[in-house]
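# Understanding the architecture of this molecule
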Amino acid sequence: MTPDLDPSTVVVHAGRPERVPDAPLGGSPVFSSTYLAGGQRGYGRFDNDAWAALEQTLGALEGGRGLTFASGMAAVAALLDLVPVGGRVVAPQHAYSGVLGLLDQQASTGRVQLQRVDIADTEAVTAAVAGADLLWIESPTNPAMEVADLPALCAAGRAAGTTVVVDNTFATPLLQRPLAVGADVVMHSATKFIAGHSDVVLGAIVTADDKLWTALETKRRSLGAIPGPMEAWLALRGLRTLALRLDRAQANAAFLAERLLEHPRVSRVRYPGLPDDPGHVRAKQQMSGFGAILAIELGGDADRAQRVCESTKLWVHATSVGGVESMLERRRRWPAEVPTIPADLIRLSVGIEHPNDLWTDLAQALES
Ligand SMILES: *Cc1c(COP(=O)(O)O)cnc(C)c1O
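Residues numbered from 1 in each chain as written. Predicted model: local features only at pLDDT ≥ 70, side-chain atom pairs only at ≥ 80, totals over all residues. Heavy atoms only, no water.

## Concerning the site of the ligand
Here is the rule we go by: Put simply, a residue is near a molecule or strand once any heavy atom of it comes within 4 Å of that molecule or strand. We define a polar contact as two N or O atoms separated by no more than 3.5 Å, with the added condition that, inside protein, one atom must be a possible hydrogen donor and the other a possible acceptor, whereas residues neighbouring each other in sequence contribute only through side-chain atom pairs. What sets the accessible areas is the Shrake-Rupley method with a 1.4 Å probe; for residues, cover comes only from the shown protein chains. Helix and strand assignments follow DSSP, with helices taken as H or I runs no shorter than four residues and strands as E runs no shorter than two, numbered in order from the N terminus. Polar here means any residue outside two lists: the nonpolar Ala, Val, Leu, Ile, Met, Phe, Trp, Tyr, Cys and Pro, and the charged Asp, Glu, Lys and Arg; Gly therefore counts as polar.
Lining the immediate surroundings of the ligand are 14 residues, of which Met-73, Asp-167, Ser-189, Thr-191 and Lys-192 lie closest. Within the contact set of the ligand, an oxygen atom lies 2.9 Å away from a backbone nitrogen or oxygen of Gly-72. In this structure, Ser-189 approaches the ligand through a side-chain N or O atom, which is 2.8 Å from an oxygen atom. Protein contacts shield 92% of the accessible area of the ligand, which totals 380 Å² for the unbound molecule. Within the residue set of the shell around the ligand, elements represented by two or more residues are α3 (72-80) and β6 (185-189). Considering only residue class, the shell around the ligand consists of five nonpolar, six polar and three charged.

## As for the domain arrangement of the chain
Accessible area lost when the parts come together is the quantity often used to give the size of an interface. The cut-off we apply is this: Domain delimitation in this document rests on an assignment produced automatically or drawn from a domain database. In what follows, residue pairs with any heavy atoms lying within 4.5 Å of each other are defined as contacts. Buried area counts how much accessible surface, traced with a 1.4 Å probe, disappears from two parts once they are put together, with both parts' losses summed. By definition here, a salt bridge exists when the distance from a side-chain nitrogen of Lys or Arg to a carboxyl oxygen of Asp or Glu is within 4 Å.
Examined at the domain level, the chain breaks down into domain 1 (7-239) and domain 2 (242-367). Each of domain 1 and domain 2 has a C-alpha centre, and the two are 25 Å apart. Of the residues lining the interface, 35 residues belong to domain 1; the matching set on domain 2 comes to 33 residues. For the pair domain 1 and domain 2, the summed buried area comes to about 2,800 Å², and 62% of that belongs to carbon and sulfur atoms. Contact with domain 2 buries area across many residues of domain 1, yet Pro-143, Leu-175 and Phe-193 alone supply 26% of it, more than any other trio. At the boundary of domain 1 with domain 2, the tally comes to zero salt bridges. Run the count over domain 1 and domain 2 and you get 17 residue pairs in polar contact (both at pLDDT 80 or more). Secondary-structure elements contributing two or more residues to the side of domain 1 that touches domain 2 are α1 (7-13), α4 (97-108), α6 (150-160), α7 (172-175) and α9 (229-239). Ranked by the residues each element gives to the side of domain 1 that touches domain 2, the list is headed by α7, at three residues. Its residues assigned to classes, the side of domain 1 that touches domain 2 shows 19 nonpolar, 13 polar and three charged.

## Thoughts on the sheet that holds strand β10 (residues 316-317)
The criterion, for reference: We treat two strands as partners when DSSP finds at least two bridges between them. To define axes, lines are fitted to C-alpha atoms, for helices over the stretch in contact only, and angles between the resulting N-to-C directions are given on a 0 to 180 degree scale.
The sheet built from five strands is open, its strands ordered β8-β9-β12-β11-β10 with mixed pairing. Looking at the sheet topology across the chains shown, the edges are occupied by β8 (268-270) and β10. Sheet topology note: the β8/strand β9 (residues 293-297) ladder contains three bridges and is antiparallel. For Arg-268, the partnering residue across the bridge sits in β9 and is Glu-297. Strands in contact with helix α10 (residues 242-262) are β8, β9 and β12 (346-349); relative to β9, the strand with the most contacts, it is inclined by about 10°.

Structure (structure tokens):
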């Protein structure tokens, strides 16, 4: 494809079959556990057309080569498996609880040494990264919504010879391209905005480093953490409309953030799009939009926060983010959530419904 296309065009056209007479517009999922001998594919655990189409599209968007996995966590596990035994990993204090949980497990057995840092504190991360094997970045963080200085942290990682991974799940490649500012690998829970319809669990990585790509592809084969063809096909079908979905969801999130800020029951709104948010200036520099996720706190009242989540009629009370339908949950309802996440914090994943309907339902639940 022409290299100077806008990402909102690339997301529609990348990863399609060659334009020859009678070619279909999109590929179909291929259901085959093995392939006839004599070619490159070999076996169903090694390759699949539906993965390849999704990988090409994600690769074109992020600026590297894609690799899909059975879930976001499968991609995380493959990446952590690249760290040498006893190697040192620097990871955020706040990030997706599944990633932090896996790191804690690995640290407890001596598989890795783990150092947790405030990922928004560039000086602290830069100091920690010296001699580390892997720097794990998530930005904005789930669910604290902190924003890391990606160019500075990638430069620090590079200077220290540390592999830098960015979990780009919240921003998506349409709002933030970590490889372009020096990250070695981008990781996605494609379950979220990429697939976008809350019907698929899938993960992906993208890297421009061929050695890393090959190492990760080998891990995928040997760990067997492969996606189903149908899941990959559904994720690509969902991905085609990411630009439109994000436009609407982001506009909705900005609208709701302003209203929530004024609400007497809401003590804090965490959204990088708000001018007073601690991550605003950074997000403005390194993202082309502020995303569709925000978090609110209710003056320390965890019971009320729980009741709010249980009182919505339109908003879906469920975990996960990035679907077309708006979802909310009190994160600390999960025992695995980091204890420094406030007990009254509600994470809101804003969907593509009409903003007035979303606000009416949320306001009603806040009053309940
Ligand atoms: C959901 C999520 C993951 C884990 O992905 P799964 O697809 O659920 O395995 C990782 N990172 C972030 C930021 C997430 O939101």
